[in-house]
Amino acid sequence: MSLDEDVKIFNRNKPLSSSDSGPMADDLKRQVVSGNMQRARDLGKDIALSFRRAAARDELMGLAESVGVEQDRAIKDQAILLSVFTAEYCIKRHVVNQSLVAAAVAELYDNLLEDTPRLYQDLLRSPAFTFYYMNVDDVADPDQIGSTFAMLCGSPRDLRLAEYGAQVFVKAQETYEAFIRDAGIMD
């Protein structure tokens, strides 16, 4: 037996056969026809808009005050990044289909880029998501997320900051799980 018989070599001039992409294309078509794809896009857009509504109601400020944290700009920015992380985490954890996950997350970030370009640029520059995802196995532990939040704020031993981060995560998780449930595409 020659090496050529054992190894398939990709030929860029040969188009993919329908059997190579069939199941994925069929699933995508099912998601579009069922309306799930539009629901996923709407979910991403609704979550992105919720950041502005939460800011207008000073929800993060209220949470900070409830645990005795004086919220400066850096802490508020970290809380917003944690909220966006939580939205992405919830979508990835609870949406039933990877095509729908991709559509919802893409729409979320497209809307953030359009609505709040500074926040979007902060997300691109920040290592926060990497640190938060390091704390996630099957389920994220709010206390671990809170400790990571305090570290990202520059005060890893500040228990009030850790509690604030945990509260932001828990509250955001409840909010985004409700959005996903309402969209009808939850696991």
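A. Representation of the overall build of the chain in the model. Counting secondary structure elements, the chain contains 10 helices and 0 strands. Sequence-ordered secondary structure for the chain, helices as α and strands as β, is α-α-α-α-α-α-α-α-α-α. With 187 residues in all, the chain has 43% of them scored as buried. A fraction of 71% describes how many contacts in the chain between residues 6 or more apart in sequence connect residues 24 or more apart.

B. Layout of the nonpolar core. In this structure, Leu43, Ile91, Leu112 and Tyr164 are the most contacted members of the largest nonpolar core, which totals 54 residues. Every element with two or more residues in this core is listed here: helix H3 (36-56), helix H4 (59-66), helix H5 (73-94), helix H6 (98-115), helix H7 (117-125), helix H8 (128-134), helix H9 (142-152) and helix H10 (159-183). In terms of residues, this core owes the most to one element, H5, which gives 11 residues.

C. Looking closely at the environment of Ala103. As for its position among the elements, Ala103 is in helix H6. Sequence separation of Ala103 and Gln38 is 65 residues, and the distance between their C-alpha atoms is 8.6 Å.

D. Spotlight on the packing of aromatic side chains. The final tally for this structure, using the stated rule, is 9 aromatic pairs. Between Phe85 and Phe129, the aromatic rings sit 5.5 Å apart at their centres with planes inclined by 75°, giving edge-to-face as the arrangement. Here the residue Phe85 occupies a position in helix H5, and Phe129 occupies one in helix H8, the gap between them amounting to 44 residues. Assessed through its relative accessible area of 0%, Phe85 is described here as buried. Ring geometry for Tyr109 and Tyr120: centres 6.4 Å apart, planes at 65°, overall edge-to-face. Here the residue Tyr109 occupies a position in helix H6, and Tyr120 occupies one in helix H7, the gap between them amounting to 11 residues. Here Tyr109 matches Tyr120 in class, with each residue buried. In this structure an aromatic cluster arises from ring pairing among Phe85, Tyr89, Phe129, Tyr132, Tyr133 and Phe169.

E. The arrangement of a nonpolar patch on the surface in detail. A cluster of nonpolar side chains, contributed by Phe131, Met134 and Met151, occupies part of the molecular surface with about 280 Å² of accessible area. By secondary structure assignment, the location of Met134 is in helix H8.

F. Just the packing of H6 against H7, in detail. Where H6 contacts H7, the axes come no closer than 5 Å and their chain directions differ by 125°. Here H6 is positioned oblique relative to H7, judged by the angle of their axes. Where H6 abuts H7, its residues Tyr109, Leu112, Leu113, Glu114 and Asp115 lie against Pro117, Leu119, Tyr120, Gln121 and Leu123. Partitioning the contact of H6 with H7 into residue classes produces 7 nonpolar, 1 polar and 2 charged.

G. Inspection of the confidence of the model for the chain at higher detail. In the predicted model, the chain carries a mean pLDDT of 87, and 88% of its residues have values of at least 70. In this model residues 1-12 is a low-confidence stretch, pLDDT under 50, and it forms 1 contact with partners more than four residues away in sequence or in other chains.

H. Inspection of H6 at higher detail. Look at H6: 25 Å from first C-alpha to last across 18 residues, which is about the 26 Å you get at 1.5 Å a residue. Among the residues of H6, those classed as buried are Leu100, Val101, Ala103, Ala104, Val105, Leu108, Tyr109, Asn111 and Leu112. The residue sitting at the N-terminus of H6 and contributing the capping side-chain oxygen is Asn97; that oxygen lies 2.7 Å from the backbone nitrogen of Ser99.

Thresholds applied
Just so you know, the residues in each chain are numbered from 1, in the order the chain's sequence is written. Residues qualify for local features only when their pLDDT is at least 70, as the model is predicted, and side-chain atom pairs are given and counted only at 80 or more; totals for whole chains, interfaces and linings, by contrast, use all residues. The basis for the side-chain values is all heavy atoms of the structure; hydrogens and waters are excluded. Numbering of helices and strands runs from the N terminus; a helix is a DSSP stretch of H or I covering at least four residues, while a strand is a stretch of E covering at least two. Partly exposed describes any residue whose relative accessible area lies between the buried limit of under 20% and the exposed limit of over 50%, with all areas from a 1.4 Å probe on protein chains only and scaled to the type maximum. The contact criterion used is simple: two residues touch if any of their non-hydrogen atoms lie within 4.5 Å. To define a nonpolar core, start from buried Ala, Val, Leu, Ile, Met, Phe, Trp, Tyr and Cys residues and group those joined through side-chain atoms within 4.5 Å. Two rings from Phe, Tyr or Trp (for Trp, the six-membered ring) form a pair when their centres sit within 6.5 Å of each other. Planes less than 30 degrees apart are called stacked, planes more than 60 degrees apart edge-to-face, and all others tilted. The patches described consist of residues with a relative accessible area above 30% and no salt bridge, like charges being joined within 9 Å and nonpolar side chains (Val, Leu, Ile, Met, Phe, Trp, Tyr) within 5 Å. All accessible-area figures derive from a Shrake-Rupley calculation using a 1.4 Å probe, and residue coverage is judged against the displayed protein chains alone. The working definition used for a salt bridge is a side-chain nitrogen of Lys or Arg within 4 Å of a carboxyl oxygen of Asp or Glu. Axis geometry follows a simple rule: fit a line to the C-alpha atoms, using only the stretch in contact for helices, then measure angles between N-to-C directions, giving values from 0 to 180 degrees. For this classification, under 35 degrees means roughly parallel, over 145 means roughly antiparallel, 65 to 115 means roughly perpendicular, and everything else is oblique. Residue classes follow a fixed rule: Ala, Val, Leu, Ile, Met, Phe, Trp, Tyr, Cys and Pro count as nonpolar, while Asp, Glu, Lys and Arg count as charged, and any other residue, Gly among them, counts as polar. Each residue carries a pLDDT score, the predictor's confidence in it, ranging from 0 to 100. To estimate the expected span of a helix, count its residues, drop one, and scale the result by 1.5 Å. A 3.5 Å cut-off defines polar contacts: any pair of N or O atoms within that distance qualifies, except that in protein one atom must be a possible hydrogen donor and the other a possible acceptor, and neighbouring residues in sequence count only when both atoms are side-chain atoms.

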